Amino acid sequence: MDAFAGKPVNEESGLAEVERDERPTWLLTWPEVKLLGIAGTGFLLDAYDLFVINQVMPMLKLRYFHDPAHPLDPALQDFVKAGANVGCVIGQLLFGYLADSLGRKAVYGKEMLVIIFATILTISVPSYLNPTGVMVWLGVFRIVLGVGIGGDYPMSSTITSDRASIQRRGVLLTFIFANQGWGSLLASLITMIVLGGFKSSIEHDVNNIDKAWRVIIGLSLVAALSVVYQRLTLPESSKFKQSQQMQAEGDDAVKKGTVLGVPEEKDEKELQQAAELAEKDREAEELKQKEVELGARPSHANEFVTYFSEWRHARVLIGTAGTWFLIDIALYGINLNQSVVLETIGFAGKNGSEWQKLFDIATGNLIITALGFLPGYYVTLFFIEKLGRKWIMIQGFLMNALFLGILAGRFHSLSKVPFVVLFAFLQFFFNFGANTITYVIAAESFPTRVRASAHGISAACGKCGAILAAFAFNTLTSKIGTDGVLWIFLGVSFLGAAMSFLVNETTGVDPDVRDAQERQAALLAREQAVAAQ
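Per-chain numbering applies: the sequence of each chain, read as written, is numbered from 1 onward. Selection of residues for local features in this predicted model requires a pLDDT of at least 70, selection of side-chain atom pairs for listing and counting requires 80 or more, and totals for whole chains, interfaces and linings are taken over all residues. Remark: hydrogens and water are excluded; side-chain values derive from all non-hydrogen atoms of the structure.

Caption draft 1: A look at the overall build of the chain. Strands are runs of DSSP state E lasting at least two residues, helices are runs of H or I lasting at least four, and both sets are numbered from the N terminus onward. Looking only at helices and strands, the chain has 22 helices and zero strands in total. For every residue, the accessible area obtained with a 1.4 Å probe (protein chains only) is divided by the maximum for its type, and the residue is called buried under 20%, exposed over 50%, and partly exposed between those limits. When the 533 residues of the chain are sorted by exposure, 57% land in the buried category. Restricting to contacts in the chain with at least 6 residues of sequence separation, those with at least 24 account for 83%. Where accessible areas are quoted, they stem from the Shrake-Rupley method and a 1.4 Å probe; at the residue level, only the protein chains shown are allowed to cover. Summed over all atoms, the accessible surface of the chain reaches about 21,100 Å², with 64% contributed by carbon and sulfur. By definition in these notes, contact holds between two residues if any of their heavy atoms fall within 4.5 Å.

This is the structure in structure tokens:
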């Protein structure tokens, strides 16, 4: 029996049990492991796609633009590389809204179908097209791919947040987001393995690189296909069903103790269950009519607008969206343009055969990921419930500013080892900091009824920052130099630390309890206003 709803919820899957487990935060149950595997795959694919395109792009140039008289148009290259991020913005907004209005179960898994469809069409681009046609094809279907990847942000975060107990929620969300690091690592590792398998073939005929890049991108289908069925059949969480029930019954449900996320003792619930259900059935229509008369049951769109028309709620959304936007400017600005770092560590892909150049780039990206990018997630996982979300976010922004300032100020005089160490610390504090916390806090700050929409908006703002960085970095670098761009990122980090104060600390806080209290007070105020007329 489900501890929140008091009725069976697909007990065969075991996933409904995650939301009522009270074990220590460090101890994962099998249902939690299964949930993390299902939900975390989207973030693995997100990072895999983001970083693998940087390694596939040189292959595309080698295959289709090897003639120096007909080089790849930089605008077309940016279109292909940024296409997925553009699609992400669409997917985050669309799937976030649909998840709140139609329900998680009705939508979850559809984003993975979009990813599978787009990936198959990406690797099916006909080789007989002219080079420009190939790039346009890839860019278009990378936008479609981005829609699916973007949809995973609000879906997986709300699926997990709806099910997690308060004391384990931050750890589970961090576990899921950490799959970004593994996706980045796998992008480089798989590229190295595939290039190793095609070495003799590529060295014999460089056009055989056409097979290698298709295999590299196509292997992401393994992860997508492994979880699509589980996503499509995942049961609705009892918290979302209870949220829908409360909207149907009205805020009087709060007066009767129906507060999301506050489970009653099992014995007491069993004794009261029959009486409560009978009472709810009898009163449901009366309460629906009452809320309509008092103007308290708007559509989802109107409900969203009404909720965020209050400054106390809008301030938090501005904070979650603004901090995500700012951290992604610096994060993606650096990680989408790592040529300087690769040159410093000797893996820029400028020496040796064409195969050796491609292999060096993949090796360099693997080193960068392992240095600091991946460990930062797991340090966050360990400290998130001890230090709190805001503390980690603010110190992450400030530490980023510190290391960006050192790199910018000594950019032309740093030797190899100090440069690599400073860059590793910068990567570490991206993830033991705002990159992870923006995802977590956006999933914890809002009640169930608007959570997916608010998370989708916040994530979409982050991707807008990534798009801005991707298009502006090279232009700015040519005008003010790489050190000048790093100074800009330093200013962005300070602004992010300041904007962090707009969000609330969510450690140990249930937004549904707070929302129920606010709705109760609002309904009572409306009742008093009606009575006074």
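And the narrative resumes.
Caption draft 2: Looking closely at a nonpolar patch on the surface. On the surface, Val215, Leu219 and Val222 cluster together into a nonpolar patch covering about 230 Å² of accessible area. Summarising the element assignment, Val222 is placed in helix H10 (residues 220–232). Think of a patch as exposed residues, more than 30% relative accessible area, with no salt bridge, where like charges cluster within 9 Å and nonpolar side chains (Val, Leu, Ile, Met, Phe, Trp, Tyr) cluster within 5 Å. By salt bridge we mean one thing: a side-chain nitrogen of Lys or Arg within 4 Å of a carboxyl oxygen of Asp or Glu.

Caption draft 3: Local environment of helix H14 (residues 300–308). Along H14, the positions that sit buried rather than exposed are His300, Glu303, Phe304, Tyr307 and Phe308. Burial along H14 is one-sided: seen end-on, the buried residues are contained in an arc of 120°. Note: the arc covers the axis-to-C-beta directions of the helix.

Caption draft 4: How the structure looks around the confidence of the model for the chain. Per-residue confidence from the predictor is reported as pLDDT, which spans 0 to 100. Scored by pLDDT, the chain comes out at a mean of 82, with 84% of its residues at no less than 70. In this model, residues 1–14 is a region of pLDDT below 50 whose contacts with residues beyond four sequence positions or in other chains number 35 contacts. Low pLDDT, under 50, characterises residues 261–297; the stretch is placed with 43 contacts to residues that sit more than four places away or in other chains.

Caption draft 5: Layout of the packing of aromatic side chains. Stacked, tilted and edge-to-face are the three classes assigned to paired rings of Phe, Tyr and Trp, where Trp is represented by its six-membered ring and a pair needs centres within 6.5 Å; plane angles under 30 degrees give stacked, over 60 edge-to-face, the rest tilted. Applying the stated criterion to the full structure yields 20 aromatic pairs. Between Phe177 and Tyr439, the aromatic rings sit 4.9 Å apart at their centres with planes inclined by 20°, giving stacked as the arrangement. Taken together, the residues Phe177 in helix H6 (residues 166–177) and Tyr439 in helix H20 (residues 434–444) connect sequence positions 262 residues apart. Residue Tyr439 is classed as buried on the basis of its relative accessible area of 0%. Chaining the aromatic ring pairs together yields one cluster made of Phe382, Phe383, Phe403, Phe425, Phe428, Phe429 and Phe432. Cation placement over rings: the criterion is NZ of Lys or CZ of Arg within 6 Å of the ring centroid and within 35° of the ring normal. Across from the ring centre of Trp355, 4.6 Å away, lies the NZ or CZ of Lys199, which sits over that ring. Across the ring face of Phe382, the terminal group of Lys386 is positioned such that the distance to the ring centre comes to 4.2 Å.

Caption draft 6: Inspection of the nonpolar core at higher detail. Only buried residues count toward a nonpolar core. Its members are Ala, Val, Leu, Ile, Met, Phe, Trp, Tyr and Cys residues joined through side-chain atoms within 4.5 Å. Ranked by internal contacts, the top residues of the largest apolar core, which has 121 residues, are Leu60, Met112, Met135, Leu138, Trp213, Tyr439 and Phe489. With sequence-adjacent residues up to four places away left out, Tyr439 is seen in contact with Phe43, Tyr153, Ser156, Ser157, Leu173, Ile176, Phe177, Trp324 and His455. Counting eight residues, the second-largest nonpolar core is a separate cluster that includes Phe304, Val316, Leu317 and Ala454.

Caption draft 7: Examining the packing of helix H18 (residues 389–409) against helix H21 (residues 448–499) more closely. Convention adopted: a line fitted to C-alpha atoms gives each axis, helices being fitted over their contacting stretch, and angles between N-to-C directions are expressed from 0 to 180 degrees. Close contact between H18 and H21 brings their axes to 8 Å; oriented N to C, the two are set at 160°. The angle between H18 and H21 places the two elements in the roughly antiparallel class. For the element pair H18 and H21, the recorded crossing hand is left-handed. Two secondary-structure elements touch here, H18 through Ile394, Phe397, Leu398, Asn400, Ala401, Leu404, Gly405, Leu407, Ala408 and Gly409 and H21 through Asp483, Leu486, Trp487, Phe489, Leu490, Ser493, Phe494, Gly496 and Ala497. For classification purposes, an angle smaller than 35 degrees is called roughly parallel, one larger than 145 roughly antiparallel, one from 65 to 115 roughly perpendicular, and anything else oblique. Handedness of each helix crossing follows the sense of rotation of the near helix against the far helix: counterclockwise by less than a right angle gives left-handed, clockwise gives right-handed.

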